[in-house]
Amino acid sequence: MNEHDSERIAGLLTAGGMVPTEELGDAEVVVFNTCAIRENADNRLYGQQGRILQRAPWVDVVVGTHAIGSLLDLVRLAEREGPQMDVREYTEVFPSALPAVRGDRHRAWVSVSVGCDNRCTFCIVPLVRGPQRSRAIGDVLAEVQGLAGQGVVEVTLLGQNVNTYGRDITVPGSSRRPLFADLLRAVNEVEGIRRIRFTSPHPAHFTDDVIAAMAESENVCEHIHFPLQSGSDRVLHLMNRSYRQARYLAWVLRIREAIPEVAFSTDIIVGFPGETEGDFRETLRVVEEARFDSAYTFQYSPRPGTRAAGLEDQVPKEVVQERFDRLVALQEGISLERNRALQGRTVEVLVEGEGRKGGAQGRTRSNKVVHFEGEPRPGEFLDVTVTGAHPHHLDARDARPARSVTVDREPAAAAS
Ligand code: SAM
Ligand code: SF4
């Protein structure tokens, strides 16, 4: 979401006649796009918007997430009248409706909703992004079609809770609410788009129609980000997450049955207030059983204004660190095992560019990074044979033009 906002900020300034500089020192305007989700990121630039002007008098403009569209006007106004601030509480223009300068010509973010109606007790998103607001399905499709026309082959649909997309709007000319599954199927029909991803769904809203739309839409990639947060029922309750361990694991199983090649990633918070060793072991148990392909692991950080920040029983830093290290070690082993299972297989990669290992780097439909020998030609679809596995990437050889968009799915007979 933040990267997407940055592309829009760059797009707005460029549309206003500015040009990017190679050297930071040459720039007349420097934009810091801060993040309030976790304290670490927040601390990097005194994230609390209102206080920035006091703590950093050299700042000319403070702009909140809902007011990005006004940035250029504010910069111009600041030149004439001094420091400006716009931290309004409501989005009038979807970030995706603003011009963009994209870092990648072949892959693009498309926001389908902003905000969130849930109240997870650790999360600041509803406070900073407000209630969920969905974008009209026609607007999303028009943007995706426009992107395809510019050579984009992969889109990632963005929302804090993508799978409740549509519950706050109606289909034009009817009282029916568009569903996320409808959106997936519609984007699947856009010519030129060969890969569709989305993030983040809430596990509790991952309904059968979404699973069916994924399974039946050949361009929707076999990757699901499925945030667990905690494996302990007691902690899930304290977090105000509506599912429990058993339901979560049942969903993972059901999705794997419908989409056999699916890769799962997740988010896990360690050290939520009151988390005991027993609670943490429940998280390890779910991680063992779910066998995620990868996990984003976070140490809990209290966010101002959230319910959990006021809870007593904050877990001491060294205990959090020790649990965190155990979780990371367990997950790395599982990630390695999942990646090893691909050795010898042919996978389709979309080339992203030069790899850290000297050759090229691409990504599978299941969202795994692959390093292989060859010319890094971004945007190209290749088939490669997996030769090596690591927790966070694969090695491959024999790059050749891709046969089809679904090559890294198992043949149906082998999958059943
Ligand atoms: N909407 C997604 C969901 O329902 O799971 C999550 C979006 S949130 C912006 C991204 C991730 O940041 C969360 O899944 C959570 O693991 C992590 N996160 C959010 N607040 C946090 C906090 N206070 N401390 C640590 N991690 C946090
Ligand atoms: Fe935050 Fe996600 Fe919960 Fe919404 S569903 S409050 S974005 S963690």
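### Describing the sheet that holds strand 14 (residues 381-389)
- Here five strands make up a closed barrel; going around it, the order is 11-12-13-15-14 and the pairing mixed. The mean inter-strand angle of the sheet, taken between neighbouring strand axes irrespective of direction, is 50°.
- In terms of strand pairing, strand 14 meets strand 15 (residues 394-401) through six bridges, oriented antiparallel. Along strand 15, the bridge assignment pairs Ala-389 with Leu-394.

### Describing the packing of aromatic side chains
- All chains considered together, the criterion is met by nine aromatic pairs.
- Each ring, one from Phe-198 and one from Phe-206, has its centre 6.4 Å from the other, and the planes form 35°; the classification is tilted.
- Seen from their ring centres, Phe-272 and Tyr-300 are 5.5 Å apart, and the 65° between their planes marks the pair as edge-to-face. Placement of Phe-272 in the loop between strand 9 (263-270) and helix 11 (277-290) and of Tyr-300 in the loop between strand 10 (294-299) and helix 12 (317-340) is noted, with a sequence separation of 28 residues between them.

### Brief notes about the environment of Phe-280
- Among the structural elements, Phe-280 can be located in helix 11.
- We classify Phe-280 as buried; its relative accessible area is 0%.
- Beyond its immediate stretch of four places on either side in the chain, Phe-280 contacts Val-270, Glu-275, Arg-323, Arg-326 and Leu-327.

### Comments concerning the environment of Ala-67
- Considering the arrangement of structural elements, one finds Ala-67 in the loop between strand 1 (61-63) and helix 4 (71-81).
- Expressed as a C-alpha distance, the spacing of Ala-67 and Asp-86, which sit 19 residues apart in the sequence, is 6.4 Å.
- Not counting residues up to four positions away in its chain, the partners in contact with Ala-67 are Asp-86 and Arg-88.

### Points about the pattern of salt bridges
- All chains considered together, the criterion is met by 29 salt bridges.
- Here Arg-194 and Glu-348 are joined by a salt bridge, their closest N and O atoms 3.8 Å apart. Within this pair, whereas Arg-194 is found in the loop between helix 7 (180-188) and strand 7 (195-199), its partner Glu-348 is found in strand 11 (residues 346-354), the two being separated by 154 residues in sequence.
- On the basis of relative accessibility, which here comes to 28%, the residue Arg-194 falls in the partly exposed class.
- A salt bridge links Glu-277 to Arg-323; its shortest N-O distance comes to 3.7 Å. Residue Glu-277 is found in helix 11, and its partner Arg-323 is found in helix 12; the two are separated by 46 residues along the sequence.
- Take Arg-323: its relative accessible area is 5%, and that puts it in the buried class.
- When salt bridges that share partners are traced, they join Glu-275, Glu-277, Arg-281, Glu-322, Arg-323 and Arg-326 into one network.

### Comments concerning the sheet that holds strand 8 (residues 223-225)
- On the basis of which strands lie adjacent, the open sheet formed by three strands has the order 8-9-10 and parallel pairing. The two strands at the open ends of the sheet, each matched to only one other strand, are strand 8 and strand 10. Strand-to-strand twist in this sheet, taken as the mean axis angle between neighbours without regard to direction, amounts to 15°.
- Seen against the sheet, helix 12 touches strand 9 and strand 10 and runs at an angle of roughly 175° to strand 10.

### Quick look at the nonpolar core
- One finds Val-155, Leu-157 and Leu-184 to be the most contacted residues of the largest nonpolar core, which totals 56 residues.
- For this core, the leading source of residues is helix 6 (residues 137-149), giving six residues.
- Setting aside chain neighbours within four positions, we find Val-155 in contact with Ala-108, Val-110, Val-144, Leu-147, Val-187, Ile-193, Arg-195, Ile-196 and Arg-197.

### Structural notes on the packing of helix 6 against helix 7
- Interhelical geometry of helix 6 versus helix 7 gives an angle of 30° and a closest axis separation of 10 Å. With respect to their mutual orientation, helix 6 and helix 7 come out roughly parallel. In the crossing of helix 6 with helix 7, the sense of the turn from one axis to the other is right-handed. On helix 7, the residues that touch Ile-137, Val-140, Leu-141 and Val-144 of helix 6 are Asp-182, Leu-183, Ala-186 and Val-187.
- Split into classes, the residues belonging to the contact of helix 6 with helix 7 amount to seven nonpolar, no polar and one charged.

### Overview of the side chain of Gln-361
- With respect to the element layout, Gln-361 can be found in strand 12 (residues 360-364).
- Residue Gln-361 is classed as buried on the basis of its relative accessible area of 16%.
- Leave out the neighbours within four places in its chain, and Gln-361 touches Leu-350, Val-351, Glu-352, Gly-353, Glu-354, Gly-355, Arg-356, Val-369, Val-370, His-371 and Phe-372.

### A look at unusual backbone geometry
- Cis geometry is found at the peptide bond from Thr-199 to Ser-200, where omega equals -10°.
- Along the chain, Ser-200 falls in the loop between strand 7 and helix 8 (208-216).
- The phi angle at Asn-240 is positive, at roughly 65°, despite the residue not being glycine.
- Tracing the backbone through its elements, the reader meets Asn-240 in the loop between helix 9 (233-239) and helix 10 (245-258).
- With relative accessibility at 37%, the residue Asn-240 sits in the partly exposed group.

About the criteria used
- Residues numbered from 1 in each chain as written.
- Chains lettered and ligands numbered in written order.
- Predicted model: local features only at pLDDT ≥ 70, side-chain atom pairs only at ≥ 80, totals over all residues.
- Heavy atoms only, no water.
- Pairing = 2+ DSSP bridges.
- Helix = DSSP H or I, 4+ residues; strand = E, 2+ residues; numbered from the N terminus.
- Axes fitted to C-alpha atoms, helices over the stretch in contact; angles between N-to-C directions.
- Phe/Tyr/Trp six-rings, centres within 6.5 Å; stacked < 30°, edge-to-face > 60°.
- Buried < 20%, exposed > 50% of the residue type's maximum accessible area, 1.4 Å probe, protein only.
- Contact = heavy atoms within 4.5 Å.
- Salt bridge = Lys/Arg side-chain N within 4 Å of Asp/Glu carboxyl O.
- Core = buried A, V, L, I, M, F, W, Y, C linked by side-chain atoms within 4.5 Å.
- Parallel < 35°, antiparallel > 145°, perpendicular 65-115°, else oblique.
- Left-handed = near helix turned anticlockwise from the far one by under 90°.
- Nonpolar A, V, L, I, M, F, W, Y, C, P; charged D, E, K, R; others polar.

Any functional reading would require information that these geometric values do not contain.
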